[in-house]
Structures are given as C-alpha cells and as structure tokens.
Amino acid sequence: MTVLRRPWPARRPWPMRGKCVGVALDLGSARTRAWVAGRGLVLDVPTVTFPGPGAAYPIQRGTIVDTPGTARMLARLLVHRLPRFGRPLVVLTAPVLDGVAFRAEARTAVQVLRPRGVLTLPGARAVALGAGADLSRPLLVVDIGAQLTEVVLLADGAVVDARRTALGTGDLDTVAPAELSEAVVGMVSAMERQDRTTLTADALRRGALLAGGGALRPEIVYRLTGRLHAPVVPVAAPHTAAVRGAATLLHAARAHPSAGGTASPPRRNNR
C-alpha cells in the first residue's frame, strides 16, 4: 500500500492563444480511452502494442513501463482521428500516487500527437467531474480499476490524502472480491485514524463515490456499504467516468479566453 499526504502541484497556466483542437485522454492499465472535442468518445480499446509477433502491455499497475510503446500505440490509434491541421490541447488523467513519474512519461508519449499543451488531472478528480459531483464538500473517491485501486480524499476538489493497492478487478480470478473489498476498507480506516480533521468523517457521511470496474460488481458494492457503514454510490458508466471528467476540464480550457474562443459542451457518450 502506498500513502500520499500532500496535494498535487499548483495548476499550470492556460495554453497560449489560437485555434485549439482538444483531446481528453485516459491511459489505463487495461484500456485506453480518448475523447475528442466535437466528436465525443472515439477510443475505448485495450492498452496494448504489437512490437513483434506477440502483444505487449506498455502500462502496468498504473505505471508506464514502455514509453516508446505507449507513443506508438497513440500514433496508431489516435493520430488519424485528429484534424490534419491544428495542434491539440491534451487533458491527461493520471494516478494520484506516483503521479509525478506517470505524468513525465505520459507527457513524453503524447508528444506523438504534437500537442500545443498538456494539462494533467488527478484520476480521482476526473472521476468526480465525470460524475457531476459537488466538489465544494469533502468527497471520498474509490476507483477500483483492472490492475490498481485508489482511495482518494478530496476537499474543495484538491487531493488531501490518497492510498492505493496493486489489486484490481483483473485479479479476481485469483483474489476473492471480499479480499479486494477489505483492502479498500483498510485504506479508508487508515485515513480515518490519521486524519486530524473531520474531512474523512464528513466525506463518509456523504457517501463514497465508486468508479472503475469495481462499481459494476454488486458483491463489492454490497460489502463496501456494510463494512464502511456508509453509502457507496457507483457512478454512471463507471468505466468512462475519468475520461468524461477530463473532457469537462477540456471544455473549460478550450472556452477560456487564452485558448482563443469558445467551445461547445462535451457530448454525452457513455458507451
């Protein structure tokens, strides 16, 4: 288990002026999803490359292990879907923990898209935005992905605490759902014990927001509700919540005066 007790770095300045194509990108260990402004969700495919006769997996347990392979994957899947002229603004989701290393490698990989700018967004905040959650109040986000589970406490939309375990729904052939649920309960309990404020308790009273493949497992939702003694709310279309949240930030960035004009709202596309 990994623990974070510090917020993300301050937001970067808005990109420079000019016509702005936009791409929201969620590079997951199991699947890669991309949302293009004006077109909606254009990619929801396995995160895999084919450097030789067999398949390779450039992102594992929330870590980019093959940056050139990730770049080749994006070139193969996404470049032809973008306008020929114009450089895109890319909004990229990243795990909260080990986010510095992930962001550095991801920024290198997305250079294949010739971006005019890259904005990064903590995955938990992206989920909250995609769910339309009220970020003015403390919020607990539980994101159970295929290979990684993160539990993140947000206050005013900022990360104030985060835990993770290298387990996910892809491990359920060897790990029981109860074990995965107990890992989440253990992380939340550790947050409560170390919290010198009322933020964690306030967030729990409000209820935990559940995303990722775990949100589609009724046995996990049921067990977490009972063990946390708090409501557990699966987000709508949980697999795409993060990329939808990134698309929300992309819309705001493209509509900002420094991006050179207004943007149409992102279309709802939950497939």
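For the structure, check the block above.
Model, not experiment: these values are computed from the prediction. (Residues numbered from 1 in each chain as written. Predicted model: local features only at pLDDT ≥ 70, side-chain atom pairs only at ≥ 80, totals over all residues. Heavy atoms only, no water.)

A. Region of the structure containing the environment of Ala24. With respect to the secondary-structure elements, Ala24 resides in strand 2 (residues 21-27). Along the sequence, Ala24 and Thr93 sit 69 residues apart, while their C-alpha atoms lie 8.1 Å from each other. Setting aside residues up to four positions removed in sequence, Ala24 forms contacts with Arg33, Ala34, Trp35, Val91, Val243, Ala246, Ala247 and Leu250. (Helix = DSSP H or I, 4+ residues; strand = E, 2+ residues; numbered from the N terminus. Contact = heavy atoms within 4.5 Å.)

B. Fine view of the environment of Leu209. Tracing the backbone through its elements, the reader meets Leu209 in strand 12 (residues 208-211). Each C-alpha atom, one on Leu209 and one on Val233, is 5.0 Å from the other, the two residues being 24 residues apart in sequence. Discounting chain neighbours no more than four positions away, the residues touching Leu209 are Val127, Ala128, Ala131, Ala133, Leu139, Leu140, Val141, Val142, Val233 and Val235.

C. Broad picture of unusual backbone geometry. Even without being glycine, Arg114 reaches a positive phi, approximately 55°. Here Arg114 lies in the loop between helix 2 (99-109) and strand 8 (117-122). In this model, His229 sits at a positive phi of 55°, which is unusual for a non-glycine residue. Turning to its location among the elements, His229 is positioned in the loop between helix 6 (218-228) and strand 13 (232-234). You can call His229 exposed: its relative accessible area is 72%. (Buried < 20%, exposed > 50% of the residue type's maximum accessible area, 1.4 Å probe, protein only.)

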